[in-house]
Amino acid sequence: VTPPRSRCRWSLPMAMSISHRGTGVALSLGVSLFSVAALLLPEHFPHYLAQVRALSLGPALICSAKFLLALPLSYHTWNGIRHLV
């Protein structure tokens, strides 16, 4: 006997709601981890920034990393505004 099919299908609002929650959790965890690291690491932020600059990463990689950091933040913000409206 085959089990009955679920009548609930994925819709765009459902997927957007789930991704909104996921980006919210990811952003919260990211900010929390960054804050704990800032409190516990022995050096100040400019020291670690200098270490990243010493890696001599190319501009394409730096722009890609910035984009990957900004994408969840902007998606979560605009989706929250859409939800409020």
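These numbers come from a predicted model, not from an experiment.

Criteria and thresholds
- Residues numbered from 1 in each chain as written.
- Predicted model: local features only at pLDDT ≥ 70, side-chain atom pairs only at ≥ 80, totals over all residues.
- Heavy atoms only, no water.
- Helix = DSSP H or I, 4+ residues; strand = E, 2+ residues; numbered from the N terminus.
- Rg over C-alpha atoms; globule rule 2.2 N^0.38 Å.
- Buried < 20%, exposed > 50% of the residue type's maximum accessible area, 1.4 Å probe, protein only.
- Areas by Shrake-Rupley, 256 points an atom, 1.4 Å probe, with all protein chains shown as cover.
- UniProt positions renumbered as here; feature names shortened; annotations may be inferred.
- 1 Å grid on protein atoms, 1.4 Å probe; cavity = no way out; pocket = protein on both sides within 12 Å on 5 of 7 lines; lining within 4 Å.
- Points joined across faces, edges and corners; volume = space filled by probe spheres on them.
- Nonpolar A, V, L, I, M, F, W, Y, C, P; charged D, E, K, R; others polar.

The next subject is the overall build of the protein. Tallying secondary structure elements over the protein gives three helices and zero strands in all. The order of α-helices and β-strands along the protein, N terminus first, is α-α-α. Here the C-alpha atoms of the protein give a radius of gyration of 20 Å, more than 25% beyond the 12 Å that 2.2 N^0.38 yields for 85 residues. Viewed in the frame of its principal axes, the protein has a C-alpha envelope of about 60 × 40 × 30 Å. Taken across its 85 residues, the protein has 4% of its residues classed as buried. Roughly 7800 Å² of accessible area belongs to the protein as shown, and the carbon and sulfur atoms make up 72% of that amount.

Per the UniProt entry, the sites bearing "transmembrane region" (unreviewed entry) are residues 21-42 and 54-75 in this numbering. The span residues 21-42 shows a helical share of 91% and a strand share of 0%, and its end C-alpha atoms are spaced 33 Å apart. Across residues 54-75 one finds 82% helix and 0% strand; the C-alpha atoms that close the span lie 31 Å apart.

With that settled, consider the layout of surface pockets. One number sums up the size of the largest pocket: a volume of about 220 Å³. Surrounding the largest pocket, Phe34, Phe45, Tyr48, Leu49, Val52, Arg53, Leu57, Leu61, Ile62 and Ala65 form its lining. Ranked by the residues each element gives to the lining of the largest pocket, the list is headed by helix α2 (residues 45-54), at five residues. Split by residue class, the lining of the largest pocket holds nine nonpolar, no polar and one charged. In this model, the second largest pocket occupies a volume close to 180 Å³. As for the second largest pocket, its lining consists of Ala26, Leu27, Gly30, Val31, Leu68, Leu69, Pro72 and Leu73. Of all the secondary structure elements, the ones that give two or more residues to the lining of the second largest pocket are α1 (12-40) and α3 (59-84).

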